[in-house]
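# Inside the fold
Below, each chain spelled out in residue letters.
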Amino acid sequence: MARERKISFPMVANYNSVVKYFVEHGLNAAFIMPPKLTRRTVEIGAKNSPDYVCAPFKTLLGNMVDALEAGADTLVMTMGLCRLGYYAELQEQILKDLGYDFEMINLAAYSTGKNRDYFKAVRRLNPRVSLGRLALTFAECLKMVEHIDEIEEEYYRNCGFERHPGQYKKVYDRFLLNMELARNVRDIEAGYLKAKREFQAILLDKPEQPLRVGVIGEYFTVMDEFSNLYLEQKLADMGVEVHRWMNLTHRNIHYQGQKNLGVQISEYCRYEMGPTSTANIWCAKNYAVHGFDGIIHLKSAGCTPEIDIMPVLQNISRDYKIPVLYLTYDSQTSDTGLMTRVEAFYDMISMRKQVVQI
Amino acid sequence: MKEKGNTAAVTARTPVIGLPRALLYEREAVMWKAFFSSLGMRGIISAPTNREMLRLGAEAAIDEVCLSTKIYLGHVRSLFGKCDLILVPRVSNYGLHRNMCTKFESLYDLVCNVFRNTGQRFLAYNVDVLGGISEEKAFVDLGMALGFGRKDAVRAFRRAGRAAAEDWHKKISREERLYRTDQIKVLVAGHSYLTEDAYIGRPLFQYLEEMGVVPIRADRVDRKEALRQSVRVSPTIKWEMSRELLGSIQMHKSKVDGLILMSAFPCGPDSMVNEMIIRKFPDIPILNIVMDNQDGTAGLETRLESFTDILKLKRGEL
Ligand code: SF4
Ligand code: SF4
């Protein structure tokens, strides 16, 4: 009998519980939860990566080292648009050159344009996998993603206004833990409903017109709180209602598609400018139209597609007179440096709001 | 040059098309010129890159974009007032695993947004084979958008395609001859808009020649074969132009003394592909040059000299 694989998948935002669930229940294999990202992760990643590759490459590489050291023998890495589609092959090469012994399942190698070829990758992970079970688990995973995204959205919109500090965070953390521990779909649903109920019971002191900021930007950095140095939490703590559209639910599971979003921003662009460009431009315009107080656009250094939409965002900013803060993250970005810029932005938008209201 | 039968489609005055001599120009110039001229249109090409142009481009650009984009914007700006429409293509991909850098997806809208209030008009064609738009369809649509009939546009495209293929054939055979000299040979792998750029890439070629080294352009290669070879080195590499370069290195590695990788800071594809090349070809001496500033060539000479010395030493000529 073949030995059981110990599979890991690098940490992205809060979604690792989903991957864990899929591996354990859909593939019937052991999942090694990659250790939480730390400064060390980033340092190891940066040290072994080419200089000016975009930051997610470095962070994910560091996290793969963490996972291998935690005992994984098989790494799965996603395919993707943009440079992401080439991450896995180069990461595998770098890790093997460093001397690590493991198997990489590179989904990009299975990207042939036909979805059923991804099933071949699954077969490699576990040859005896049952298709029915896989499909069922997959559907349950999508549910979990939707729940995580919904709870997270609610969290960042309100946690800055609670009467008794810390209540939101407690519920939110317990919810994430429940998702990580979920053994079946009942656990998932129960954890979700519990968090919803508990959120509702928390007392809020929220002004009628709170400061509202929309956060947009590069897929990985905008979703992964460690990588963006907890930007949303920082804003919320200042008393801001934080909105972020970009998550798997919106961009992947229920994406409206290039055509439907594209027509809504046709005065700014005629074509799809990059993998998440249409969504981000559409979001920015949407926030502007709905009278948000500011937009924060973030990306990792050297991220070509996000740099390229900046002239469009500048035009939206001019047309709707909405301030936009542009943040670029690399492995050297410091917490204090970021805080200074975010505070200055906060001061500016709150002053503007007072002036506008008078 | 005028084709029979299309004059009726042209209104009072035929618009003049501006072609920025940057990014895809070097790759597509023959195609573009032949296409427009067989439709009876006139074109104007921006001057070779100079310092002032780069300054203008950098001024218009977001500071973080790659050097090639800054150069491009400089060329676009230099054409203002000299033509009616400036051609800015949008190319997403030529098929599966044949993507372009996302820059070429964004370029048209990028340019339109940067120069929104200038009154300048731009002209696009859009290639997206995975999305069902072949190169032929892109050009035919372009021709029709300019007011020509489908038949004329198709004929112009085919004619242009033949001209481009012929020209390419000549260029490759000229390059092929270089591999047969006895002098020290260096394969230069870089995007054609860098290697051919008067301000950025040409000086490097001149230095090398002055030092008695024969520089050979890696991108001038039988493209089909290079694409085939590239996946033998790197199975999931996805960018058309990087694949051509990688394949070319694989095909020619034993025929040259060294390899120079030339890229623009901070180039997306090169940041990864060049790392892969360095790891996959440990036996060839490699010099990795990243052009990142406005005064391009400072310090370059010294690096080229010591690299040449290494190559000479290896050959026993020093
Ligand atoms: S979107 Fe940006 S960060 Fe992501 S792979 Fe592309 S360049 Fe890198
Ligand atoms: S391939 Fe590199 S140099 Fe060329 S446009 Fe893209 S990022 Fe710029």
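For the structure, check the block above.
The following paragraphs examine the structure supplied in this document.

### A word on the overall build of chain B
A tally of helices and strands in chain B yields 12 helices and 10 strands. Rg of the C-alpha trace for chain B: 20 Å, near the compact-globule value of 20 Å for 318 residues, within the 12% margin. Within the span of chain B, comprising 318 residues, buried residues form 58% of the whole. Long-range pairs, those at least 24 residues apart, make up 73% of the contacts in chain B between residues at least 6 apart in sequence. If you sum the accessible surface of chain B, you get close to 13,200 Å²; carbon and sulfur atoms cover 49% of it. Counting 47 positive and 39 negative side-chain charges, chain B places the averaged centre of each group 6 Å from the other.

### A word on the site of ligand 1
All names here are of chain A. The immediate surroundings of ligand 1 are formed by Cys-54, Pro-56, Cys-82, Arg-83, Leu-84, Tyr-87, Glu-218, Ser-300, Cys-303, Thr-304 and Pro-305. Elements with a contribution of two residues or more to the shell around ligand 1: helix H4 (84-98) and helix H14 (304-308). Counting residues domain by domain, the shell around ligand 1 receives three or more from each of domain 1 (2-129) and domain 3 (207-358).

### Some remarks on the sheet that holds strand E4 (residues 103-106) of chain A
All names here are of chain A. Read from one edge to the other, the open sheet built from four strands follows the order E2-E1-E3-E4, with strand pairing classed as parallel. The outermost strands of the open sheet, each flanked by one partner alone, are strand E2 (30-31) and E4. The pairing of strand E3 (residues 74-77) with E4 spans four bridges and is classified as parallel. Note on E4: the bridge partner recorded for Thr-74 is Glu-103. Strands in contact with helix H3 (residues 55-69) are strand E1 (6-8), E3 and E4; relative to E3, the strand with the most contacts, it is inclined by about 155°.

### Focus on the packing of aromatic side chains
Using the criterion set out here, one finds 20 aromatic pairs over all chains in the structure. Note on B:Phe139 and B:Phe157: the rings are 5.6 Å apart at their centroids and 40° apart in plane angle, and the pair reads as tilted. In this pair, B:Phe139 is assigned in helix H5 (residues 135-145) and B:Phe157 in helix H6 (residues 150-178), connecting sequence segments 18 residues apart. Here the two residues B:Phe139 and B:Phe157 agree in accessibility, since each one is buried. Three or more aromatic residues link up through ring pairs in this structure, and these residues are A:Tyr155, A:Tyr156, A:Tyr168, A:Tyr172 and A:Phe199. If you follow A:Lys96 out to its NZ or CZ, it ends over the ring of A:Phe102, 4.8 Å from the centre. Just above the ring of A:Phe292 sits the side chain of A:Arg212; from NZ or CZ to the centre is 4.3 Å.

### Concerning the environment of B:Glu317
As for its placement among the helices and strands, B:Glu317 is situated in the segment after helix H12 (300-315). It is 44 Å that separates the C-alpha atoms of B:Glu317 and B:Thr102, two residues lying 215 residues apart in sequence.

### A few points about the site of ligand 2
By nearness alone, every residue bordering ligand 2 is listed as B:Cys66, B:Ser68, B:Cys101, B:Lys103, B:His191, B:Tyr193, B:Cys267, B:Gly268 and B:Pro269. Inspection of the shell around ligand 2 shows a minimum of three residues originating in each of domain 1 (17-167) and domain 2 (179-315) of chain B.

### Some points on the interface of chain B and chain A
Many analyses report the size of an interface as the accessible area lost when the parts associate. In this complex, chain B contributes 40 residues to the contact, which on the side of chain A involves 45 residues. Roughly 3,600 Å² of surface becomes buried between chain B and chain A when both sides are summed, with 58% attributable to carbon and sulfur atoms. Considering only the surface of chain B that becomes buried against chain A, B:Thr236, B:Met272 and B:Arg279 emerge as the three largest contributors, covering 18% of it. Seen at the junction of chain B and chain A, the total is four salt bridges. Linking A:Asp97 and B:Arg279 is a salt bridge whose minimum nitrogen-to-oxygen distance equals 2.8 Å. Viewed at the interface, chain A and chain B are joined by 21 residue pairs in polar contact (both at pLDDT 80 or more). Contributions of two or more residues to the side of chain B that touches chain A are made by helix H4 (102-114) and helix H11 (268-280) of chain B.

Calculation rules
Residues numbered from 1 in each chain as written. Chains lettered and ligands numbered in written order. Predicted model: local features only at pLDDT ≥ 70, side-chain atom pairs only at ≥ 80, totals over all residues. Heavy atoms only, no water. Helix = DSSP H or I, 4+ residues; strand = E, 2+ residues; numbered from the N terminus. Rg over C-alpha atoms; globule rule 2.2 N^0.38 Å. Buried < 20%, exposed > 50% of the residue type's maximum accessible area, 1.4 Å probe, protein only. Contact = heavy atoms within 4.5 Å. Areas by Shrake-Rupley, 256 points an atom, 1.4 Å probe, with all protein chains shown as cover. Lys, Arg positive; Asp, Glu negative; His and termini not counted. Charge placed at Lys NZ, Arg CZ, Asp CG, Glu CD. Near = heavy atom within 4 Å. Domains from an automatic or database assignment. Pairing = 2+ DSSP bridges. Axes fitted to C-alpha atoms, helices over the stretch in contact; angles between N-to-C directions. Phe/Tyr/Trp six-rings, centres within 6.5 Å; stacked < 30°, edge-to-face > 60°. Lys NZ or Arg CZ within 6 Å of the ring centre and 35° of its normal. Buried area = accessible area lost by both parts, 1.4 Å probe. Salt bridge = Lys/Arg side-chain N within 4 Å of Asp/Glu carboxyl O. Polar contact = N/O pair within 3.5 Å; in protein donor to acceptor, adjacent residues only side chain to side chain.

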